[in-house]
Amino acid sequence: MTTSAKPGGSGGASPQKGYVKVCALEEIPADGALGVEVDDTPIAVVRSGADVYAVNDICSHAEVSLSEGEVYDGTIECWLHGSCFDLRSGKPTNPPATQPVATYKVKVEGGDVYLSLGDD
Ligand code: FES
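All figures in this text were calculated on a predicted structure; none of them were measured in a lab. (Residues numbered from 1 in each chain as written. Predicted model: local features only at pLDDT ≥ 70, side-chain atom pairs only at ≥ 80, totals over all residues.)

Caption draft 1: Structural context of the overall build of the chain. Of regular secondary structure, the chain possesses zero helices and nine strands. When the helices and strands of the chain are placed in sequence order, the string is β-β-β-β-β-β-β-β-β. Buried positions account for 28% of the 120 residues belonging to the chain. Partitioning the intrachain contacts of the chain with sequence separation of at least 6 by distance along the chain shows that 41% fall at a separation of at least 24. (Helix = DSSP H or I, 4+ residues; strand = E, 2+ residues; numbered from the N terminus. Buried ≥ 20, exposed ≤ 12 C-beta atoms within 10 Å, placed from the backbone. Contact = placed C-beta atoms within 7 Å.)

Structure (structure tokens):
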């Protein structure tokens, strides 16, 4: 792992406008997910291999937390009925869910994970 912490940080600085720190990378289980909230939006921060993704934490089929499901093959599986959601696109890869979940931009810097909920 490379760390590029800059000395003399004045606190509160985020790596780029619009990004907020949500957790340390090590808080997310390997090939697992951590549920966080940003601006009252529940988000599953997911580690899949060496990559980190963020998707809306509420399944598009019913109101259950995707972060409590299993992560494999680049997807997170809803534990209730078994739909898997592609971590890149948020699209379900199998029924019963038919609607995608929102995805969010993620940055990992200095061992911390930052999210942006920006629309663009
Ligand atoms: S609640 Fe997630 S697939 Fe049904």
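Following the structure, the description resumes.
Caption draft 2: Focus on the sheet that holds strand β7 (residues 84-86). With antiparallel pairing, the three strands of this open sheet are ordered in space as β5-β6-β7. Because the sheet does not close on itself, it has two edges, and the strands there are β5 (71-72) and β7. (Pairing = 2+ DSSP bridges.)

Caption draft 3: Fine view of unusual backbone geometry. The amide bond that connects Pro-95 to the next residue, Pro-96, takes the cis arrangement and shows omega of 15 degrees. Among the structural elements, Pro-96 can be located in the loop between β7 and β8 (103-109). The phi dihedral of Asp-40 is positive, around 70 degrees, even though this residue is not glycine. Its place among the elements puts Asp-40 in the loop between β2 (33-38) and β3 (41-48).

Caption draft 4: Up close: the environment of His-81. Mapped onto the fold, His-81 is located in the loop between β6 (75-77) and β7. The exposure class assigned to His-81 is partly exposed, which follows from the 14 C-beta atoms found within 10 Å. In sequence terms His-81 and Ala-62 are 19 residues apart; their C-alpha atoms lie 9.3 Å from each other.

Caption draft 5: Fine view of the nonpolar core. Core analysis: the biggest nonpolar cluster contains 24 residues, and Ala-44, Val-45, Val-46, Val-55, Leu-66 and Ile-76 have the highest contact counts within it. Looking at which element gives the most residues to this core, the answer is β3, with four residues. Residues within four places of Ala-44 in sequence aside, it is in contact with Ala-33, Gly-35, Ala-54, Val-55, Asp-57, Leu-66, Ser-67 and Ile-76. (Core = buried A, V, L, I, M, F, W, Y, C linked by C-beta atoms within 7 Å.)

Caption draft 6: The environment of Tyr-19, seen in detail. Note that Tyr-19 resides in strand β1 (residues 19-24). Accessibility expressed as a C-beta count within 10 Å gives 18 for Tyr-19, which makes it partly exposed. Each C-alpha atom of the pair Tyr-19 and Leu-115 lies 5.1 Å from the other, and the pair is 96 residues apart in sequence.

Caption draft 7: Fine view of the pairing of β2. The pairing of β2 with β3 spans six bridges and is antiparallel. Across the sheet, residue Gly-35 finds its bridge partner in β3, namely Ala-44. The antiparallel hairpin formed by β2 and β3 contains two residues in its connecting segment, where Asp-39 sits at a positive phi of about 50 degrees.

Caption draft 8: A look at the sheet that holds strand β4 (residues 51-56). Strand order in the open sheet formed by six strands is β1-β9-β8-β4-β3-β2, and the pairing between neighbours is antiparallel. Two strands lie at the open edges of the sheet, namely β1 and β2, each paired on one side alone. The sheet shows a mean angle of 30 degrees between the axes of neighbouring strands, taken without regard to direction. Examined bridge by bridge, β1 and strand β9 (residues 112-116) share five bridges and lie antiparallel to one another. Looking at the pairing, Val-20 lines up with Leu-115 of β9. (Axes fitted to C-alpha atoms, helices over the stretch in contact; angles between N-to-C directions.)

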